[in-house]
Amino acid sequence: MEPGEDEDTETERIQVEVLLLSGQSASVAASVNKGISSLLVAAGKQLGVHLGQTVTSDGHLLNPRSTIAETGLKDGDAVFATVRCSRLVSTRHIPAFALIRDDASVMVWGDGDSGGWFSKEVEEQLHDVCDIQSTMGAFAALREDGSVVCWGDPEDGGDCSPVRDELRGVQEICSTLGAFAALVDGQVVTWGNHQDGGRCDAVQEDLVEVQEIWGGGQAFAVKNANGHVITWGDKGRGGDCSHVEAQLREVRSVCGSDEAFAAICDGGRVATRTVAGRLIGIILGQVQDQLINVKQLFANDSAFAALLENGEVVTWGDPDHGGCSKDVQEQLRDVCQIEASESAFAALRSDGRVVCWGVKEIGGDCSDLNLTDVKSLCSSGQAFAALLGDGSVKTWGRPHAGGCCTAVKESLQDVAQLCGSSGAFAALLGSGEVVTWGDPKHGGCFGESHWPG
């Protein structure tokens, strides 16, 4: 049997060429009844790497859960594949980190009760992982076969056993602070804290032909094939959009703070009162005329920032927590990225400079750092980190929450990715090493390094 040849001899087999951008390639003989994932495994073994997304020569993205026959691949066809890299996962709400290794296995650290530890039984299920989402106390991993594995606080979604039979063929997972929602063939499956959206019985009949799903602090929002937006969860924090339903038409995307939702409608408008939730929306009327050609929305716990197509920024919400940017408004031009901590924002400009506003103690002021040549930004709950062009890192905000990286500064070289938890940061280096700093109870570990191998 030739190297890379599939062992199944009872069905039609075809030869497929798998190409990398580097120019390397592998020729694999495979049964048409086998999945695309098996093709990638065989090619990866030949090439000595782990392969990720795959596209055909005409640019069609292949679903790893599809069989080769379902994709329409023919004998002699070629596909292009990316090399899978390790990836850090966390958010500013959870005191733990997860690392998806390049072999699609997972390691975790941080608060053991909030997802920073898992049992041997869970570990054995964490293979072929393609995505991980988190609440404030749990993680949910989506595997390439469309199944889901959860761990952490059961009340925050760490136990999906009540709906496990429904979690087959999952396409996407989304989360709030205490619940998860999975998109399965146009329908939605939820679990976790009921108040945070873990139960959708009241709108279940409407959750058909769902195309997109978004999570806020304590509510979910979806858009169906008709373009209608449906919400559920805490009614006072975005879970009831009935009073603005008529305005929620031709919605392009939805963004959630801990208190409310905001929607971008067709044409880049954030239409009047398309905010559902508490009084965050009142201030929206003061900037409504400026919200034209909105490219993307961002939110911290109680304020929003809109990035316009021209690179300018418009803010609203709690003025003391980032909802008012008047003191730095003239500097907010040519913005290409925005990050949010609990109560502050940081904006990266195309010239590599950074502008901050909000609560100064948790990252709302970086004026004394003289930040230049910044390539990307990252936030924890109470601090920010900037990845510089030379692969080094600068931080600001609450020192104990990751705002000071002095203890690991010498280790922060050749950084490939930054990730923030509720009170710490982790940096993935080009070597594959992970360096952490900040509150050890939130995954900071005060300078300890984790090797994903």
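The structure presented is a predicted model; accordingly, all values stated were derived computationally and were not measured.

### Looking at the overall build of the protein chain
The helix and strand inventory of the protein chain stands at 4 helices and 32 strands. Radius of gyration (C-alpha) of the protein chain: 23 Å, near the 22 Å computed for a compact globule of 453 residues. Within the span of the protein chain, comprising 453 residues, buried residues form 55% of the whole. The contacts of the protein chain with a sequence gap of at least 6 include a subset with a gap of at least 24, amounting to 43%.

### Regarding the sheet that holds strand 20 (residues 294-299)
The 3 strands are arranged 20-21-22 in an open sheet whose pairing can be described as antiparallel. Each edge of the open sheet carries a strand with a single partner, namely strand 20 and strand 22 (313-317). Direction aside, the axes of adjacent strands within the sheet are offset by 20° on average. Here strand 20 pairs with strand 21 (residues 303-308) via 5 bridges, running antiparallel. The residue of strand 21 that forms the bridge with L297 is A306.

### Overview of the pattern of salt bridges
Enumeration over the complete set of coordinates arrives at 12 salt bridges. One salt bridge in this structure joins D131 and R87, with 3.7 Å as the shortest N-O distance. A residue pair is termed long-range when its members are at least 10 positions apart, and D131 in strand 8 (residues 129-134) and R87 in strand 5 (residues 87-89) qualify at 44 residues. In this structure, E212 and K223 form a salt bridge, with 3.4 Å as the shortest nitrogen-oxygen distance. Here E212 is found in strand 14 (residues 210-215), whereas its partner K223 is found in strand 15 (residues 219-224), with 11 residues between them in sequence.

### Observations concerning the nonpolar core
With 20 residues, the main nonpolar core has V18, I36, L39, L51, I68 and L73 as its most contacted residues. Secondary-structure elements contributing two or more residues to this core are strand 1 (13-19), strand 2 (25-31), helix 1 (36-47) and strand 4 (78-83). When residues of this core are assigned to their parent elements, the largest contribution, 6 residues, is made by helix 1. Setting aside residues up to four positions removed in sequence, L73 forms contacts with I14, I36, T56, L62, I68 and V79. In terms of nonpolar packing, the next biggest core, distinct from the first, is built from 16 residues, A96, V122, L126 and W151 among them.

### Side note on the environment of A30
Mapped onto the fold, A30 is located in strand 2. The sequence separation of A30 and G363 amounts to 333 residues, and the corresponding C-alpha distance is 53 Å.

### Describing the layout of surface pockets
In this model, the largest pocket occupies a volume close to 1100 Å³. Together, 40 residues line the largest pocket, and T91, R92, H93, G256 and A299 are the ones closest to its centre. Taken together, the elements giving at least two residues each to the lining of the largest pocket come down to strand 8, strand 11 (172-175), strand 14, strand 17 (251-256), strand 20, strand 23 (335-340), strand 26 (374-379) and strand 29 (415-420). Considering only enclosed or pocket space, the second largest pocket measures out at about 580 Å³ in volume. Around the second largest pocket, the lining comprises 22 residues; the ones closest to its centre are G52, Q53, P64, C130 and E144. Elements that contribute at least two residues to the lining of the second largest pocket include exactly helix 1, strand 3 (51-56), strand 4 and strand 8. Among the residues making up the lining of the second largest pocket, the classes are represented as 11 nonpolar, 6 polar and 5 charged.

### Some words on the side chain of K223
With a relative accessible area of 11%, K223 lands in the buried category. In contact with K223, other than residues within four places in its own chain, are E209, V210, Q211, E212, W214, H228, V251 and R252.

### Overview of the environment of P440
Topologically, P440 is positioned in the loop between strand 31 (434-438) and strand 32 (449-450). A relative accessible area of 35% places P440 in the partly exposed class. Separated by 329 residues in sequence, P440 and D111 place their C-alpha atoms 8.4 Å apart.

### Looking at the packing of aromatic side chains
Scanning the model with the defined rule gives 9 aromatic pairs in all. Each ring, one from F97 and one from W109, has its centre 5.5 Å from the other, and the planes form 20°; the classification is stacked. Note that F97 is positioned in strand 6 (residues 96-100) and W109 in strand 7 (residues 106-110), a separation of 12 residues in sequence. An identical accessibility class is assigned to F97 and W109; each is buried.

### Concerning the sheet that holds strand 15
One open sheet holds the 3 strands; their spatial order is 14-15-16, and the pairing between them is antiparallel. What marks the edges here is a single partner per strand, and that holds for strand 14 and strand 16 (229-233). Neighbour to neighbour, the strand axes of the sheet diverge by 20° on average, direction disregarded. Note: strand 15 against strand 16, 5 bridges, orientation antiparallel. When the sheet's bridge partners are listed, A221 is paired in strand 16 with T231.

### Examining the confidence of the model for the protein chain
Per-residue confidence for the protein chain gives a mean pLDDT of 89, with 92% of residues at or over 70. Segment residues 1-9: pLDDT under 50, and 19 contacts once partners within four positions in sequence are set aside and those in other chains are kept. The low-confidence segment residues 272-282, where pLDDT is below 50, has 46 contacts with residues more than four positions distant or belonging to other chains.

### Quick look at the pairing of strand 22
Burial analysis of strand 22 places 5 of its 5 residues in the buried class, which makes it a mostly covered element. Here strand 22 shows two buried faces, one formed by V313, T315 and G317 and the other by V314 and W316. Here strand 21 folds back onto strand 22 in antiparallel fashion, the turn holding 4 residues, of which G311 has a positive phi close to 90°.

Conventions adopted
- Residues numbered from 1 in each chain as written.
- Predicted model: local features only at pLDDT ≥ 70, side-chain atom pairs only at ≥ 80, totals over all residues.
- Heavy atoms only, no water.
- Helix = DSSP H or I, 4+ residues; strand = E, 2+ residues; numbered from the N terminus.
- Rg over C-alpha atoms; globule rule 2.2 N^0.38 Å.
- Buried < 20%, exposed > 50% of the residue type's maximum accessible area, 1.4 Å probe, protein only.
- Contact = heavy atoms within 4.5 Å.
- Pairing = 2+ DSSP bridges.
- Axes fitted to C-alpha atoms, helices over the stretch in contact; angles between N-to-C directions.
- Salt bridge = Lys/Arg side-chain N within 4 Å of Asp/Glu carboxyl O.
- Core = buried A, V, L, I, M, F, W, Y, C linked by side-chain atoms within 4.5 Å.
- 1 Å grid on protein atoms, 1.4 Å probe; cavity = no way out; pocket = protein on both sides within 12 Å on 5 of 7 lines; lining within 4 Å.
- Points joined across faces, edges and corners; volume = space filled by probe spheres on them.
- Nonpolar A, V, L, I, M, F, W, Y, C, P; charged D, E, K, R; others polar.
- Phe/Tyr/Trp six-rings, centres within 6.5 Å; stacked < 30°, edge-to-face > 60°.
- pLDDT = per-residue confidence, 0-100.

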